[in-house]
Amino acid sequence: MSTPHEPQPGPAYGQEAAYVAHGGAAPVDATPKHAPAPGPQPVTPPDPDVQPGPPDGGYPVLPPPAYAPRNDLAVWSLVLGLLGVMGCVFFTGIPAVVVGNNARRAVAAGQANNDGMATAGIVLGWVATGLGVLVILVLAFMVLLPLLFLGLALPFLAVAP
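It should be emphasised that the depicted structure is a prediction, and the values quoted were computed from it without experimental measurement. (Residues numbered from 1 in each chain as written. Predicted model: local features only at pLDDT ≥ 70, side-chain atom pairs only at ≥ 80, totals over all residues. Heavy atoms only, no water.)

Turning our attention to the overall build of the chain. Secondary structure assignment for the chain yields three helices and zero strands. Residues classed as buried in the chain amount to 17% of the 161 residues present. Intrachain contacts of the chain at a sequence separation of at least 6 include 58% that bridge at least 24 residues. Just so you have it, the chain exposes about 12900 Å², and 72% of that area is on carbon and sulfur atoms. (Helix = DSSP H or I, 4+ residues; strand = E, 2+ residues; numbered from the N terminus. Buried < 20%, exposed > 50% of the residue type's maximum accessible area, 1.4 Å probe, protein only. Contact = heavy atoms within 4.5 Å. Areas by Shrake-Rupley, 256 points an atom, 1.4 Å probe, with all protein chains shown as cover.)

Right, let's get into helix H2 (residues 72-108). Between its terminal C-alpha atoms H2 stretches only 15 Å, short of the 54 Å expected from 37 residues at 1.5 Å a residue. Following H2 by one or two positions, Gly110 adopts a phi angle in the positive range, close to 85 degrees. (Expected span 1.5 Å × (residues − 1).)

The next point concerns the side chain of Ser77. Here Ser77 is to be found in helix H2. If sequence neighbours within four positions are ignored, Ser77 has contacts with Ala96, Val99, Gly100, Ala118, Gly121 and Ile122.

Our next topic: the side chain of Asn114. With respect to the element layout, Asn114 can be found in the loop between H2 and helix H3 (115-157). Sequence-distant contacts of Asn114, that is, excluding residues within four places in its chain, are made with Arg70, Asn71, Ala74 and Val107.

The subject of this paragraph is the environment of Val85. Within the secondary structure layout, Val85 lies in helix H2. The partly exposed category is assigned to Val85, whose relative accessible area is 35%. Once you skip the residues sitting within four places of it in the chain, Val85 turns out to touch Leu124, Val127, Ala128 and Leu131.

Looking at the chain, pLDDT values average 76 and 58% of them are 70 or higher. Of all secondary-structure elements in the chain, the lowest mean pLDDT belongs to helix H1 (residues 16-21), at 54, while H2 reaches the highest, 92. (pLDDT = per-residue confidence, 0-100.)

To continue, consider the environment of Ala112. For Ala112, the position within the fold is in the loop between H2 and H3. You can call Ala112 buried: its relative accessible area is 9%.

Structure representation (structure tokens):
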């Protein structure tokens, strides 16, 4: 017989319910009848219906985020469009439109996911191109308009001998 300070044998793993049916008392002979064979054990495939739980009772492991490719062309289109609006007008406005259209083609083909950035680059490229046209028109009028007035006024400024 065992003393009260010695550990008592408990139920075998997976057979706890059998002891509850007998009034909850564990039998004296609670050692497993079949010991596992030495050597490698066969691996059972995981059940597809059972979701794996958190490891060691911690927080559940989240799946990695889905990979979404980034479109570098859209980034370049936005940068070129911003530079065009800030003063480089034609030098970066027209390339922003071209690169932005290539970026949108990449988005449509499923190679990238940032269609909004490509659209913003295209819009800024067109705004920069429009500003460039406006600057050229203003400069042309600033040069041609005085020449026109000067040309019209020259015959009247000539002194008749």
